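One-letter residues, chain by chain:
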Amino acid sequence: MSKTVLLILGASGDLTKRKLIPALSTIYSKNMLPEELIVIGSARTEYTTDEFRTHVNTSEEFCKCLYYYTGLKNIKEYIYSFGNITKIVVFLSLPPSTYKQTIEDLYNENLHGDNVSIIIEKPFGVDVYSALELEKNILKYYPTKSIYLIDHYLAKEPVQNILIFRFANRIFETNWNRFHIESIQINCSETIGIEDRAKYFDKSGIIRDMIQSHLMQLLTILTMETPKSNFQHDIEIEKVKLLKKLKVINFVRGQYNGYTNEKGVDSKSTTETYAEVEFRIESDRWHNIPIYIKTGKAMERQGTEIAVVFRNSDNPIFKNDKLQKNAIIFTVQPQSGIFVDLVNKVPGWGVSLTNANMSFCYSSKFSGNIPDAYQRLLVDAINSDKSLFAGVEETIEAWRVIEPALQNSDLIYYDRGKNPPDILNKNPIDFNNYSNLC
Ligand code: BG6
């Protein structure tokens, strides 16, 4: 019987244990993986297969298809020792600085050909130059079609749904422009700090870690023109067109107090753990409409949300500046849903207006069974489906856009568990109001 191999490089690391193995074990238990799948973890750490199985601490059933191989030397022989292998998917769960060398090593170990694909985690480069260099180096050994770039936000169900929400619902599609929309606000607050990722994070900062990838992906999906089809290639064409018109107008960087005392962080570090960035899109549809992205570690609350805020009615009879404006709120996590804020009449004599909202919660509409992002991406990569992976061109273009915000600038400081004030966005939506609606 033909077998598929998933080779995880960097298998002794955090991502493998925290995200990949749990995702694989879940999809394995749901029979969504090829029957004959062999998962080989590999790293420099000298584990035996048994020690690796203990290290990742997964189900007994899934352990049966889990193996370990130290290093890369002669890996091909090891892989083919399992029999008739028809497909090899390599997952680079490694520090980005090692991607270039690892790709070369894989090639030199003769792991190439039509049946080999490589999954690369973000970040792809640290700026435009390094991303272009990395692309050039990869293309020396592997064709674009073998490369799968992960941005796991793209595989989150509520993120996939933004495209459908925008383009399949005529009531919103026709109003999706500067004549009706006043601002777009994207927020991702995390309560956790940098945990044990100082080595990576202190060199990266939150703008590279979250904005250039996940949050700018949300921005482009929210603002791009209609793609020709639902295929990744056509969607990427529209995202790239949008990114070419996107500019950073202003940005604020912050750091939580105590960050420089975290283990592994440089005591003089000026790396940002918080950022607020204001963008504009120079297009007919979006001219002069501010788009804000705000994100931080060690914040007061956990949540990824988007607000598309509409203009007030300009009819004096129905205008009431005290009321909240129409807004569409997408809550990506922890509770996924969509809320439409409306103005309504208060029942009774006379005419007075109030706010009310219409809500759609994933938890009540779709019971259970919403695949987590990594589950979806692993199944798709194994089945050679690229639709939820990021493209190299859009990734490089996003680096170009964000470049001005990568400079070292003054920091504002905030206490752990407290949000810094919004500085650029004068009318921020309070997403806390939506956190318990589902
Ligand atoms: C990762 C970032 O890509 O995404 C992390 O490196 C961040 O810093 C994480 O915590 C957030 O992902 P999620 O799915 O928990 O929102």
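What you see is a predicted model, and the numbers here were worked out from it, not measured in a lab.

Enquirer: Explanation requested: the sheet that holds strand β8 (residues 246-256) in the structure shown.
Expert: Backbone hydrogen bonds hold the strands of a sheet together, and the pairing may be parallel or antiparallel. One open sheet accounts for nine strands, arranged β14-β13-β12-β11-β7-β10-β9-β8-β15; its pairing is mixed. Every interior strand has two partners, whereas the edge strands, β14 (353-361) and β15 (411-414), have only one. On average, each strand axis in the sheet is tilted by 20° relative to the strand beside it, whichever way the strands run. Relative to β15, β8 runs parallel, the two sharing four bridges.

Enquirer: Could you clarify how one ought to interpret the sheet that holds strand β3 (residues 66-70) in this entry?
Expert: Strand order in the open sheet formed by six strands is β3-β2-β1-β4-β5-β6, with parallel pairing between adjacent strands. Each edge of the sheet is formed by a strand with only one pairing partner; in this case those strands are β3 and β6 (147-150). Mean inter-strand twist for the sheet, computed between neighbouring axes without regard to direction, equals 20°. Direction of pairing for strand β1 (residues 3-9) relative to strand β2 (residues 37-43): parallel, over a ladder of six bridges. For Leu7, the partnering residue across the bridge sits in β2 and is Ile40.

Enquirer: Explanation requested: empty space enclosed by the protein in the structure shown.
Expert: Taking a probe equal in size to a water molecule and rolling it over the atoms shows the remaining empty space. With the rule as written, the count across this model stands at four cavities of 30 Å³ or more. Looking at the lining of the largest cavity, the elements that each hand over two or more residues are β5 (116-121), β6, α9 (198-223), α10 (232-243) and α13 (392-402). A per-element tally of the lining of the largest cavity places α9 first, with five residues. A breakdown of the residues in the lining of the largest cavity according to their chemical character gives nine nonpolar, five polar and five charged. Estimated volume of the second largest cavity: approximately 60 Å³. As for the second largest cavity, its lining consists of Gln185, Ile186, Asn187, Glu276, Tyr292, Lys294, Asp422, Asn425, Pro428, Ile429 and Phe431. At the level of elements, β7 (181-189) and β10 (291-296) are the ones that each hand at least two residues to the lining of the second largest cavity. Counting residues per element, the lining of the second largest cavity draws most heavily on β7, at three residues.

Enquirer: Explanation requested: the packing of helix α7 (residues 157-168) against α9 in the structure shown.
Expert: The angle between the axes and the distance between the axes are what describe a pair of packed helices. α9 packs onto α7 with a crossing angle of 15° between their chain directions and a minimal axis gap of 9 Å. Accordingly, the angle class assigned to the pair α7 and α9 is roughly parallel. Handedness of the α7/α9 crossing: right-handed. Residues Val159, Ile162, Leu163 and Arg166 of α7 lie in contact with α9, whose contacting residues are Leu218, Ile221, Leu222 and Thr223. The residue makeup of the contact of α7 with α9, split by class, is six nonpolar, one polar and one charged.

Enquirer: I would appreciate a short explanation of the state of the cysteines in the present structure.
Expert: Covalent bonding between the sulfur atoms of two cysteines defines a disulfide. Scanning the entire structure with this criterion turns up one disulfide. Sulfur-sulfur distance for the disulfide between Cys361 and Cys438 comes to 2.1 Å. Judged by the sign of its S-S torsion, about -95°, the cystine formed by Cys361 and Cys438 is left-handed. Here the residue Cys361 occupies a position in strand β14, and Cys438 occupies one in the segment after β15, the gap between them amounting to 77 residues. Given the relative accessible area of 9%, Cys361 is considered buried. We classify Cys438 as partly exposed; its relative accessible area is 30%. Cys65 provides the cysteine sulfur closest to Cys63, a residue in no disulfide bond, and the two sulfurs are 8.5 Å apart. Note on Cys63: relative accessible area 11%, which makes it buried.

Enquirer: I'm lost on helix α6 (residues 128-141) in this one. Help?
Expert: Residues three or four positions apart in an α-helix share a direction because the helix packs 3.6 residues into each turn. Between its first and last C-alpha atoms α6 spans 21 Å; for 14 residues at 1.5 Å apiece the expected length is 20 Å, and the two agree. Within the span of α6, buried status applies to Val128, Ala131, Leu134, Asn137, Ile138 and Tyr141.

Enquirer: In this structure, what is going on with the domain arrangement of the chain? I would like to understand it.
Expert: The figure often quoted for interface size is the accessible area lost as the parts come together. Assigned domains within the chain: domain 1 (3-121) and domain 2 (153-367 + 391-434). Here the C-alpha centre of domain 2 lies 35 Å away from the C-alpha centre of domain 1.

Enquirer: Is there a simple way to explain the pairing of strand β9 (residues 274-281) in this structure?
Expert: Put simply, side chains in a regular strand alternate between the two faces of the sheet. β9 sits mainly inside the fold: eight of its eight residues count as buried. Because side chains alternate across β9, one face comprises the buried residues Tyr274, Glu276, Glu278 and Arg280, and the other comprises Ala275, Val277, Phe279 and Ile281, equally buried.

Conventions adopted
Residues numbered from 1 in each chain as written. Predicted model: local features only at pLDDT ≥ 70, side-chain atom pairs only at ≥ 80, totals over all residues. Heavy atoms only, no water. Pairing = 2+ DSSP bridges. Helix = DSSP H or I, 4+ residues; strand = E, 2+ residues; numbered from the N terminus. Axes fitted to C-alpha atoms, helices over the stretch in contact; angles between N-to-C directions. 1 Å grid on protein atoms, 1.4 Å probe; cavity = no way out; pocket = protein on both sides within 12 Å on 5 of 7 lines; lining within 4 Å. Points joined across faces, edges and corners; volume = space filled by probe spheres on them. Nonpolar A, V, L, I, M, F, W, Y, C, P; charged D, E, K, R; others polar. Parallel < 35°, antiparallel > 145°, perpendicular 65-115°, else oblique. Left-handed = near helix turned anticlockwise from the far one by under 90°. Contact = heavy atoms within 4.5 Å. Disulfide = S-S within 2.5 Å. Buried < 20%, exposed > 50% of the residue type's maximum accessible area, 1.4 Å probe, protein only. Expected span 1.5 Å × (residues − 1). Domains from an automatic or database assignment.

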